[in-house]
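# Commentary on secondary and tertiary structure
Letter by letter, the chains look like this.
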Amino acid sequence: MKFQVYKRKVCTCLPRYGCIFLFLVVFALSFVIDFMDILENTVKSTIHSSYADRHYDFCKFQPLSLKETREEHLLLKSIAWPETPPLPFPHYLSKTSDPSHSSFTILSGREDGEWHKDDNLEILIKMYDFQGLPKKFGGDVLLARLHNPTLGAGVVGQVVDHLNGSYSAVFYLPWEGNAEVEVTLVHPSEAITVLRSLTRKHPDRIYFKSFFRSGYINETTVCNVCLRPTQQPVCNYTDLSTGEPWFCYKPKNLSCDTRINHSKGRLKKNLMTTETLFQSDVNMKVSIPASGPSCVTVLPKTKGWSMVSRRTVKSRPSGYYFHGVWRALRGHRVPHFNTSSAITQCLKGKVVHIYGDSTVRQWFEYFNATLPDLKEFNLHSQKKIGPYMALDYVNNILVTYRCHGPPIRFSKVPISELRYIANELDSLTGGSDTVVVLGIWSHFSTFPVEVYIRRLQSIRRAVVRLLSRAPDTLVVIRTANPKNLTLYETITNSDWYSLQRDKVLRAMFKGLNVHLVDAWEMVVAHNLPHELHPQPPIIENMINVLLSYICPKKGG
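From a predicted model like this one, the values you see are computed outputs, not experimental measurements. (Residues numbered from 1 in each chain as written. Predicted model: local features only at pLDDT ≥ 70, side-chain atom pairs only at ≥ 80, totals over all residues. Heavy atoms only, no water.)

## Some thoughts on the sheet that holds strand 24 (residues 515-517)
Overall, mixed pairing links the seven strands, which are arranged 18-19-20-17-22-23-24 in an open sheet. In this open sheet, the two edge strands, each paired with only one partner strand, are strand 18 (375-377) and strand 24. Pairwise comparison of adjacent strand axes, ignoring direction, gives a mean angle of 20 degrees for this sheet. Sheet topology places strand 22 (residues 434-439) next to strand 23 (residues 474-478); four bridges connect them, and they run parallel. Looking at strand 23, one finds that Val437 is bridged to Val476. Relative to the sheet, helix 6 (residues 358-370) contacts strand 17 (351-356), strand 18, strand 19 (388-392), strand 20 (397-403), strand 22, strand 23 and strand 24, its axis offset from that of strand 20 by approximately 155 degrees. (Pairing = 2+ DSSP bridges. Helix = DSSP H or I, 4+ residues; strand = E, 2+ residues; numbered from the N terminus. Axes fitted to C-alpha atoms, helices over the stretch in contact; angles between N-to-C directions. Contact = heavy atoms within 4.5 Å.)

Take a look at the structure:
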C-alpha cells in the first residue's frame, strides 16, 4: 500500500512513460533485495545444516551475520579432525593405538648425516595397535618436543598427520649440543570419537546453578547455555549488549529477578562406558619409544647453508627455552626482567587490566607476590573469584583482575560480578598507559565450539572498537595450554578440546594489532609437567613475554 501511494504521488509529476519506467526500476530493486535476502538465508541454512549434527538443538546460539556465518564455517573447517571408524560394541583395546607398540625414527639430516644449528630435524612416527598391527588411519593426538635438560633447552615440534597411521614431526634446531626427541600420545584416535560424541550428546555434562532469594524464601535451580527443555519455565538472562545467551530454570516460588549468585554444579555421571580409552600410563599422555637413537648432536651453524625439511613446515615455533629462559623466534627479543625493580620500572605509569579465567589470574597473583610496593586493595571479594585490584601509589601502577562471564566454573559468583569481557572493554578509555590482558578458553571445553566462536567474535568486536578510539592501547592475549589429564579432566577439559579452541583463538585475532603469549608452546617445550596452572618458572617466562610487549626496549 505504501508503494502504491508513493507511486501515485510521483507519477502525477512525470509523463506516462516516465512513470512506467520508474515503476519498473522500483520493481527490479525490490526483486533484487528479496533475492539477496533469500540467498543470505540459504547460505546460512546450508552452512548450519553442514554442522547440524555437532550439537543438540537445546544449545542456544545468538544469530550471526552472513559474514560471521561464513567465518564460523571456515573456522569449523580449519579445525576439522580426521574421521575415525565408529567404535564397535562391546569395545576392546586390542585394535586401538598403543604407544608401547608404536615408535618414532629420526630421519637422516644433511648428506653427511650431520645436523647444524638452524637446520630442521624430522622424525617419522608409526602407530600400532595393542596387537602389534600397524594402524591404517590417522586422528591420534600427538605432542612432540626436542629438549636438553642440561642446557635447560626445549622447543616444540610441528606434527603432520598423513591419515594412514603414520605421522611426521619437524623440529627447528635453535641451539648447539645434544638434543633429545620426545613424542607423547595424548589420546588415541578412538578416544577422539568418544570426545566428539560427548560434546554432541552431552554439551550440558557440567551443569551450573543459581541461587535465588527473596526474604525468607530461597531456591536453587540449574542453569546453562545448553539447557534441556522441560515443562518448567525458563529465565532468560541473555546479555542485552553482547547477545550472549544464558538461561536458568525458573524457581517455583520466586521471580527471575531474585537471582543472587552463580555457581558451578557437578559433572553428570555415567556418561560413557569406554573408560579404557582414557588410562594414564596405558594410552593417555604416554611417551612413544624411539626405534633407534632418540638423540642427535647439533653442530655450529654453517654459513651459506639452508636445509629444507622433507615436509612442508607452516612456520617456525614462536620460541624456545635456553638455560630455562624463553627466547622468541618471531618478531621481538624477550628480555629477562629478573628483578622486581626492573618489572616496576617497566610498569611505571601503567594500568594493567586482566580479564579471563584462572590461568590469567595467575599473572595478577605473580605481580602481587613479586612487586613489594604493589599493594592489593581489599575489595572483600571471594578468594580465587575476584575482582581484584592492586596499586603501587608511588610508581602509579594499577593492576586489576576480573573473571569472564558465564559459562565459568567458579563458585558463588555474585550476579553483579558476572560481567562479559566485551562490555568491560567498552567501558575502557584506553591509551598508551593502558594494557589489556585477555585469557579465555578453559571453561568452554564442554560446549560445542560454536559457543566459543561466538564469544570470541563478541570480544573481537570490542577489541576493534577499543583500538579504534585508542590505537595506542596494548592488547595481549594468552593462549590455551595442555594440562595433566585424569578421566574427569579428560571428559571436561581434554587437551584435544583445548587444542581445538586454541586454533580458533589464533585464527580469530590474526591480523589485528594484538599480541599473543604462546602458552601452548611454552608449556609443551618446558621440562616441567603439564598443568592447567603452569608452575612458577613457566609463569615467570610468560610475564617476561608480556613485559617485552609493554617495554620492548628495556629489560633487566
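After that view, the rundown keeps rolling.
## Focus: the nonpolar core
Judged by nonpolar contacts, the single largest core of 118 residues is most densely connected at Phe367, Leu425 and Leu438. The element that contributes the greatest number of residues to this core is helix 8 (residues 449-469), accounting for ten residues. In contact with Leu425, not counting residues within four places along its chain, are Tyr355, Val436, Leu438, Ile459, Ala462, Val463, Leu466 and Arg469. Phe104, Ile106, Trp175 and Ala179 belong to the second largest nonpolar core, which has 26 residues in total. (Core = buried A, V, L, I, M, F, W, Y, C linked by side-chain atoms within 4.5 Å. Buried < 20%, exposed > 50% of the residue type's maximum accessible area, 1.4 Å probe, protein only.)

## What about a nonpolar patch on the surface?
Residues Leu391, Tyr393 and Val394 make up a contiguous nonpolar surface patch of roughly 390 Å² in combined accessible area. Within the secondary structure layout, Val394 lies in the loop between strand 19 and strand 20. A relative accessible area of 71% means that Val394 is categorised as exposed. (Patch = residues over 30% accessible without salt bridge, like charges linked within 9 Å, V, L, I, M, F, W, Y side chains within 5 Å. Areas by Shrake-Rupley, 256 points an atom, 1.4 Å probe, with all protein chains shown as cover. Salt bridge = Lys/Arg side-chain N within 4 Å of Asp/Glu carboxyl O.)

## A word on helix 4 (residues 189-201)
Its 13 residues give helix 4 an end-to-end C-alpha distance of 19 Å, which sits within 8% of 18 Å, the value for a rise of 1.5 Å per residue. Summarising burial for helix 4: eleven of the 13 residues are buried, a large majority. Listing the buried residues of helix 4 in full gives Ser189, Glu190, Ala191, Ile192, Thr193, Val194, Leu195, Arg196, Ser197, Leu198 and Thr199. Looking at the buried side of helix 4, the elements it contacts are strand 1 (97-106), strand 4 (141-148), strand 7 (177-187), helix 9 (487-493) and helix 10 (495-509). (Expected span 1.5 Å × (residues − 1).)

## Quick word on the sheet that holds strand 12 (residues 259-267)
Here six strands make up an open sheet; going across it, the order is 10-11-9-8-12-21 and the pairing antiparallel. Of all strands in the sheet, those bounded by a partner on one side alone are strand 10 (234-236) and strand 21 (413-414). Note that strand 12 and strand 21 share two bridges and pair antiparallel. What sits directly across from Asn261, in strand 21, is Pro414.

## Examining the state of the cysteines
Counted according to the given criterion, the structure contains four disulfides. Disulfide pairing places Cys235 opposite Cys256 at an S-S distance of 2.0 Å. As the torsion about the S-S bond is roughly -85 degrees, the Cys235-Cys256 disulfide counts as left-handed. With Cys235 in strand 10 and Cys256 in the loop between strand 11 (247-249) and strand 12, the pair connects residues that are 21 residues apart, well separated along the chain. What makes Cys235 buried here is its relative accessible area of 0%. (Disulfide = S-S within 2.5 Å.)

## A look at the pairing of strand 22
With six of six residues buried, strand 22 is to be regarded as a mostly interior element. Across six bridges, the pairing between strand 17 and strand 22 is parallel. Bridge pairing in strand 22 places Tyr355 opposite Leu438. At this point the chain moves from strand 22, through helix 8, to the parallel strand 23, and the crossover so formed is right-handed. (Right-handed = clockwise from strand over helix to strand, strands pointing away.)

## Examining the confidence of the model for the chain
Should the pLDDT be low somewhere, the predicted coordinates at that spot are not to be read in detail. The predicted model of the chain averages 89 in pLDDT, with 87% of residues at 70 or higher. Confidence drops under a pLDDT of 50 for residues 1-14, and excluding neighbours within four residues, the segment shows seven contacts in the predicted structure. A low-confidence stretch, residues 35-55 (pLDDT under 50), is modelled with 25 contacts involving residues beyond four sequence positions or located in other chains. (pLDDT = per-residue confidence, 0-100.)

## Overview of the pattern of salt bridges
Going through the model one piece at a time under the given rule, you end up with 20 salt bridges. Two residues, Arg460 and Glu71, come together in a salt bridge whose shortest N-O distance is 2.6 Å. Within this pair, whereas Arg460 is found in helix 8, its partner Glu71 is found in helix 3 (residues 66-78), the two being separated by 389 residues in sequence. A single burial state applies to Arg460 and to Glu71, both of which are buried. Where Asp204 meets Arg228, a salt bridge forms, and the shortest distance between an N and an O atom there is 2.6 Å.

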